[in-house]
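# Chains, contacts and geometry: an overview
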4 protein chains.
Amino acid sequence: MLNRVILIGRLTRDPELRYTPAGVAVTQFTLAVDRPFSNNQGQREADFIPVVTWRQLAETCANYLRKGRLAAVEGRIQVRSYDNNEGRRVYVTEVIADNVRFLESANSGNRDEGMGMGAGSGGDGGGYRGGYGGGRSQQQDPFQDDGKPIDISDDDLPF
Amino acid sequence: MLNRVILIGRLTRDPELRYTPAGVAVTQFTLAVDRPFSNNQGQREADFIPVVTWRQLAETCANYLRKGRLAAVEGRIQVRSYDNNEGRRVYVTEVIADNVRFLESANSGNRDEGMGMGAGSGGDGGGYRGGYGGGRSQQQDPFQDDGKPIDISDDDLPF
Amino acid sequence: MLNRVILIGRLTRDPELRYTPAGVAVTQFTLAVDRPFSNNQGQREADFIPVVTWRQLAETCANYLRKGRLAAVEGRIQVRSYDNNEGRRVYVTEVIADNVRFLESANSGNRDEGMGMGAGSGGDGGGYRGGYGGGRSQQQDPFQDDGKPIDISDDDLPF
Amino acid sequence: MLNRVILIGRLTRDPELRYTPAGVAVTQFTLAVDRPFSNNQGQREADFIPVVTWRQLAETCANYLRKGRLAAVEGRIQVRSYDNNEGRRVYVTEVIADNVRFLESANSGNRDEGMGMGAGSGGDGGGYRGGYGGGRSQQQDPFQDDGKPIDISDDDLPF
DNA sequence: TTTT
DNA sequence: TTTT
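Residues numbered from 1 in each chain as written. Chains lettered and ligands numbered in written order. Predicted model: local features only at pLDDT ≥ 70, side-chain atom pairs only at ≥ 80, totals over all residues. Heavy atoms only, no water.

## Observations concerning the confidence of the model for chain A
- When the pLDDT values of chain A are averaged, the result is 76; 66% of them are 70 or greater.
- This model gives residues 109–155 of chain A a pLDDT under 50, and the stretch forms 94 contacts once residues within four places in sequence are excluded. (pLDDT = per-residue confidence, 0-100. Contact = heavy atoms within 4.5 Å.)

## Looking at the interface of chain A and chain C
- Each partner contributes residues to the interface: chain A has 27 residues there, and chain C has 27 residues.
- When chain A packs against chain C, close to 2300 Å² is buried across both sides, 53% of that on carbon and sulfur atoms.
- Three residues, Met1, Leu2 and Ile77 of chain A, lead the burial of chain A against chain C; their summed loss comes to 23% of the area buried on that side.
- Along the contact surface separating chain A from chain C lie 3 salt bridges.
- For Glu86 of chain A, the salt bridge identified is with Arg88 of chain C, shortest N-O distance 2.7 Å.
- One can count 12 residue pairs in polar contact (both at pLDDT 80 or more) joining chain A with chain C.
- Listing elements by their share of the side of chain A that touches chain C, those giving two or more residues are strand S1 (2–11), strand S3 (25–38), strand S4 (44–54), strand S5 (70–83) and strand S6 (89–102) of chain A.
- At 7 residues, the largest contribution of residues to the side of chain A that touches chain C is made by S1 of chain A.
- Tallied by class, the residues present in the side of chain A that touches chain C amount to 15 nonpolar, 5 polar and 7 charged.
- Inspection of the sheet shows S1 of chain A paired to strand S1 (residues 2–11) of chain C by 7 bridges, in the antiparallel sense. Following the sheet pairing, Ile8 of chain A is matched in S1 of chain C by Leu2 of chain C. (Buried area = accessible area lost by both parts, 1.4 Å probe. Salt bridge = Lys/Arg side-chain N within 4 Å of Asp/Glu carboxyl O. Polar contact = N/O pair within 3.5 Å; in protein donor to acceptor, adjacent residues only side chain to side chain. Helix = DSSP H or I, 4+ residues; strand = E, 2+ residues; numbered from the N terminus. Nonpolar A, V, L, I, M, F, W, Y, C, P; charged D, E, K, R; others polar. Pairing = 2+ DSSP bridges.)

## Considering the relation of the copies chain A and chain C
- Overlaying chain A with chain C gives an RMSD of 0.0 Å, the required rotation being 180° about an axis along which the chain moves by 0.0 Å. Overall, the copies show the geometry of a two-fold rotation axis. Closest approach to the rotation axis within chain A is made by the C-alpha atom of Val5 of chain A, at a distance of 2.2 Å. (Least-squares fit on C-alpha atoms with pLDDT ≥ 70 in both.)

## A few points about the environment of Val73 of chain A
Residue and element names in this part refer to chain A.
- Turning to its location among the elements, Val73 is positioned in strand S5.
- Along the primary structure Val73 and Thr27 are separated by 46 residues, whereas in three dimensions their C-alpha atoms are 13 Å apart.
- For Val73, the contacting residues outside a window of four places in its chain are Val5, Ile6, Leu7, Phe29, Leu31, Val51, Val95, Ala97, Asn99 and Val100.

## Observations regarding the pattern of salt bridges
- Scanning the model with the defined rule gives 42 salt bridges over all chains in all.
- Connected through salt bridges with shared partners, the residues Arg4, Glu74 and Asp98 of chain A together with Arg4, Glu74 and Asp98 of chain B form a single ionic network.

## What to know about the pairing of strand S3 (residues 25–38) of chain B
Residue and element names in this part refer to chain B.
- Counting buried residues in S3 gives 11 out of 14 residues, a clear majority hidden from the surface.
- With 2 bridges joining them, strand S1 (residues 2–11) and S3 adopt antiparallel strand pairing. Residue pairing in the sheet places Leu11 in a bridge with Leu31 of S3.
- Sheet topology places strand S2 (residues 16–19) next to S3; 4 bridges connect them, and they run antiparallel. Note on S3: the bridge partner recorded for Arg18 is Val26.
- Two successive antiparallel strands, S3 and strand S4 (residues 44–54), enclose a turn made up of 5 residues, where Gly42 displays a positive phi of approximately 75°. (Buried < 20%, exposed > 50% of the residue type's maximum accessible area, 1.4 Å probe, protein only.)

## Regarding helix H1 (residues 55–64) of chain C
- With 7 of 10 residues buried, H1 of chain C lies mostly within the body of the structure.
- Among the residues of H1 of chain C, Leu57, Ala58, Thr60, Cys61, Ala62, Asn63 and Tyr64 of chain C are the ones counted as buried.

## Points about the pairing of strand S3 (residues 25–38) of chain C
Residue and element names in this part refer to chain C.
- In this antiparallel pair of consecutive strands, strand S2 (residues 16–19) and S3, the connection spans 5 residues, and Gly23 shows a positive phi of 85°.
- Examined bridge by bridge, S3 and strand S4 (residues 44–54) share 10 bridges and lie antiparallel to one another. What sits directly across from Val33, in S4, is Asp47.

As structure tokens, this is what we get:
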């Protein structure tokens with residue numbers, strides 16, 4: 001009936017872009033999300049949560065996300081299952097994202113990976129504004145929502 | 001960058017369906033949402049939160065929601081402003097919903113409003129499945145999401 | 001950094017209440033949450049999502065939730081793992097709930113399971129208000145939040 | 001019954017820390033949250049959403065947030081009203097936050113506002129970990145949740 | 001199998 | 001292993 005997830009965390013690896021037989025883009029990555037408390041040994045653990053994105057958003061994620069980057073993800077929990085080679089049923093729980101926000105650009109923070117933007121030249125506040133290009137394919141605005149509604153002017157409001 | 005609201009509460013009145021000059025359906029209603037604590041006098045207060053829905057979802061809400069019904073709403077906070085007749089700027093905060101779930105049908109609970117369904121005949125578990133008709137217009141499935149993605153078979157997964 | 005889940009669905013079975021060696025109450029149940037679209041065969045599938053609650057909330061859930069009931073759950077995704085008897089690492093993903101809302105009482109809807117409340121005795125509007133007692137243990141208000149803040153009067157606001 | 005908001009946006013000004021007559025800390029700030037679409041003139045608008053935090057979290061926000069910084073906020077919508085000097089009832093809608101994440105430190109991004117940390121001193125990568133001190137009061141870990149539960153070892157799980 |  |  002309702003199934004909504006919002007996560008903020010860091011990618012444990014570069015995202016993996018694949019295509020279905022029908023040619024639909026899918027990318028998979030895992031977010032490490034720190035738990036809001038410490039364990040018995042006083043350490044902060046993290047949950048490693050698999051995220052899947054489809055189509056345009058998949059391409060964008062593959063282009064702009066990298067290992068270690070901070071991202072916000074909105075989506076729903078999905079549980080699928082398959083039988084492994086030992087004949088055991090395996091359950092896979094993933095977050096199917098419909099909105100991903102890049103909270104760090106390649107050049108923000110300390111993770112300077114040779115994008116050629118000098119330290120401190122950090123631009124206008126960074127990453128979340130995007131547009132620095134250089135990905136595997138070309139997009140207009142990688143920071144747009146996926147399939148969100150179009151504007152209706154407030155002035156039209158009949159109230 | 002990210003703006004997500006989820007509410008569960010009861011309608012304070014019947015929803016109001018209007019149309020913009022351009023003919024787009026909008027419906028407005030207010031949800032009373034009980035606060036999760038009691039005030040100094042030991043009473044539970046509620047927040048009265050205005051909700052706006054557009055287009056198809058607006059029609060559906062107008063058809064199926066009524067004063068007192070329990071509903072879940074998903075959307076985003078929007079703040080608009082206008083100048084009132086005293087020349088003061090007035091700010092209006094509303095939740096623009098993109099998903100509404102009807103958690104009570106006309107015949108569930110005690111709010112029997114003459115739908116002609118006997119107490120106890122409660123049907124197949126109620127409200128959230130809808131389809132009992134009788135609204136201002138005809139819909140196929142009022143309990144569908146608004147603009148949510150279509151299925152891609154898990155079997156196509158390239159992982 | 002941030003990990004928030006909100007679900008509305010139905011219990012697939014009665015909840016299971018256990019106690020840790022240290023005597024802490026835990027209850028586990030699974031929510032069936034309908035997907036917001038139909039699959040290739042035109043059928044609506046559901047995700048079956050395991051939910052875990054602790055302490056007071058665990059007791060309350062054990063007392064008031066039953067198979068088939070509609071509930072709203074707020075919490076975070078947690079992933080734990082263990083090695084099974086074949087020496088394979090198994091990952092378990094659960095929603096650790098910190099807030100559960102009972103959207104249907106024993107006597108609302110049609111699912112009369114012998115709670116001893118007559119069909120049609122529909123009560124005062126149902127379930128979410130609770131207090132009809134009869135559970136495995138005694139609670140004051142089973143519909144309170146778990147560990148949420150206490151009121152501070154708006155009148156004290158220094159703004 | 002349920003009231004949950006998650007926002008990511010930028011502070012429009014430095015936060016304002018006040019104290020109630022009873023000495024409880026409150027801080028107020030406004031988040032600018034870009035809308036997920038463009039308006040009729042092709043421009044991206046933003047919603048300016050007032051946020052209120054209390055007690056320890058209020059102190060932390062006052063210490064670590066500044067105009068222009070990116071933050072994630074979790075909380076609930078609250079509506080209060082008062083009568084203004086013209087005798088008109090004014091409604092104020094605010095997000096009462098119970099969790100705030102600082103997505104940018106003083107030294108990440110370009111918004112160096114004289115915190116005394118040199119531009120380009122990029123630090124340890126980042127903001128969300130905090131600990132660079134210099135605030136109005138001293139905290140242990142400003143990036144902890146406010147009132148979230150303490151760990152119970154998975155190994156105790158009776159399932 | 002994990003991020004900072 | 002699943003709910004309506």
